[in-house]
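Architecture and fold: a report
Residues per chain are reported as follows:
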Amino acid sequence: MTGNIKINEPPPRPQIGPPGKSLKYNVKHTILVMSGKGGVGKSTFSTNLAVTLASQGLKVGLLDADISGPDDAKILGIENEKIYGDENGKILPVETKYGVNVISMAMTLPTFDTPVIWRGSIRHKALQQFLEDVKWDGRDLLVIDLPPGTGDEPLSICQMIPNADGIIIVITPQDVALLDAKKAINFARKVNIPILGIVENMSGFICPHCGYETDIFKKGGAEKIAQEYNIPYLGNIPLMPEIVEDSDAGIPAVSKNEKLMEFFKKVSENLLKNLKND
Ligand SMILES: Nc1ncnc2c1ncn2[C@@H]1O[C@H](COP(=O)(O)OP(=O)(O)OP(=O)(O)O)[C@@H](O)[C@H]1O
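Residues numbered from 1 in each chain as written. Predicted model: local features only at pLDDT ≥ 70, side-chain atom pairs only at ≥ 80, totals over all residues.

Points about the UniProt feature "binding site: ATP" (unreviewed entry) in the protein
In the UniProt entry, the feature "binding site: ATP" (unreviewed entry) is given for Gly 36, Lys 37, Gly 38, Gly 39, Val 40, Gly 41, Lys 42 and Ser 43. With respect to the secondary-structure elements, Gly 36 resides in the loop between strand E1 (27-34) and helix H1 (42-55). Beyond its immediate sequence surroundings of up to four residues, Gly 36 is in contact with Gly 149, Thr 150, Asp 180, Ala 181, Lys 183 and Ala 184. Here Lys 37 is to be found in the loop between E1 and H1. Not counting residues within four places of it along the chain, the set of residues in contact with Lys 37 comprises Pro 148, Val 176, Ala 177 and Asp 180. (UniProt positions renumbered as here; feature names shortened; annotations may be inferred. Helix = DSSP H or I, 4+ residues; strand = E, 2+ residues; numbered from the N terminus. Contact = placed C-beta atoms within 7 Å.)

Looking at the environment of Lys 218
You can see Lys 218 is positioned in the loop between strand E10 (213-214) and helix H6 (221-229). Linking Lys 218 and Asp 175, residues 43 residues apart in sequence, is a C-alpha distance of 8.8 Å.

A short note on helix H5 (residues 175-190)
For H5, which comprises 16 residues, the first-to-last C-alpha distance of 23 Å matches the rise-based estimate of 22 Å (1.5 Å per residue) to within 8%. Looking only at H5, the buried set comprises Ala 177, Asp 180, Ala 181, Ala 184, Ile 185, Phe 187 and Ala 188. Buried residues along H5 cover an arc of 160° about the axis, so they all sit on one side. In H5, the exposed residues that point more than 90 degrees away from the buried face are Asp 175 and Val 176. At the C-terminal side of H5, Asn 192 shows a positive phi close to 65°. (Expected span 1.5 Å × (residues − 1). Buried ≥ 20, exposed ≤ 12 C-beta atoms within 10 Å, placed from the backbone. Arc of directions from axis to C-beta.)

Details of the nonpolar core
Residues Val 33, Val 143, Ile 144, Ile 168, Ile 169 and Ile 198 are the most contacted members of the largest nonpolar core, which totals 76 residues. Ignoring any residue separated from it by four or fewer positions in sequence, one finds Val 33 in contact with Lys 42, Phe 45, Ser 46, Val 143, Ile 144, Asp 145, Leu 146, Ile 168 and Val 170. (Core = buried A, V, L, I, M, F, W, Y, C linked by C-beta atoms within 7 Å.)

Focus on the confidence of the model for the protein
Confidence in the prediction of the protein, expressed as mean pLDDT, is 87, and 91% of residues score 70 or more. Note that residues 5-20 has pLDDT below 50 and, in this model, seven contacts with residues that lie over four places away or in other chains. Both scores are given for the predicted complex: the pTM is 0.90, the ipTM 0.98. (pLDDT = per-residue confidence, 0-100.)

Brief notes about the pairing of strand E9 (residues 195-206)
The buried count for E9 comes to nine of twelve residues, which makes it a mostly enclosed element. By the bridge criterion, five bridges tie E9 to strand E11 (residues 233-239) in an arrangement that is parallel. Bridged to Phe 205 within E11 is Leu 239. When E9 meets E10, the two strands line up antiparallel, connected through two bridges. Of the residues in E10, the one forming a bridge with Ile 206 is Glu 213. Count of turn residues in the E9/E10 antiparallel hairpin: six residues, of which Gly 211 carries a positive phi of about 80°. (Pairing = 2+ DSSP bridges.)

Some remarks on the environment of Gly 38
Within the secondary structure, Gly 38 is located in the loop between E1 and H1. Under the C-beta neighbour-count criterion, Gly 38 is labelled partly exposed, with 13 such atoms within 10 Å.

Here we look at the site of the ligand
In the neighbourhood of the ligand, 20 residues make up the surrounding shell, with Gly 38, Gly 41, Lys 42, Ser 43 and Thr 44 lying closest. For the shell around the ligand, the residue count by class is eight nonpolar, nine polar and three charged. (Near = placed C-beta within 6 Å. Nonpolar A, V, L, I, M, F, W, Y, C, P; charged D, E, K, R; others polar.)

Below is the structure:
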């Protein structure tokens, strides 16, 4: 007996709310990095992309917008740094030796293992402060690493900065990740932020000993999605065990791995072509 329960009723239309106040901060270009699904390597991608862009002479800022799981500071070896203000009350991002200035929740916590147990409205305020009250001045480019999925924080950021240059979607080649990537694409379209492109991470395994490439997972899913949805394909990043070792040691892998740097350079070249002109 099903009583009054109606099956097959369409789910309610998602409410994304009114557009938020457009924040003012002094950066030429803003790029949001998102993924439909957790664990696809979004933080690894964001940090290494920021380091790659800085190595090309750009002044790059990195905002880790993952309030609960801020990993970028760990990957850059600055998780024990603290943030300070200047004489005008502006928050100073932490400078790294890679030429990237960083703000992350990690640097505001007493210890790296302290959980952030906040509801949405407080997270929203923190993100607003990370954008508006931080001295990003003079940066050519701000990379914002969003938490996985299409929830509260990605929505807050997209509504705060509707003029962002666009979103990069990071995916892995497995079917579940591809499915979630489509949700991320539809999210970007719903909030009206351009999609700068899609990147396939963990795409092909390169043996650290002989350099031979094997497709452990499938390959090429991102390229197919790019065609299907008519969005740019920015490139792929292979699965490399050195990335895990370096990230765990607090070193962005591109800073010491020329082969990996080549992959990131290709992505960054394709990305820069798609940015709005000044
Ligand atoms: N191309 C790669 N090759 C090998 N390991 C990788 C690669 N990309 C990411 N990893 C590893 O996969 C794990 C997850 O990566 P990362 O933390 O960047 O994912 P994420 O998408 O940001 O996760 P979350 O959803 O928790 O924010 C890390 O251990 C990272 O070192």
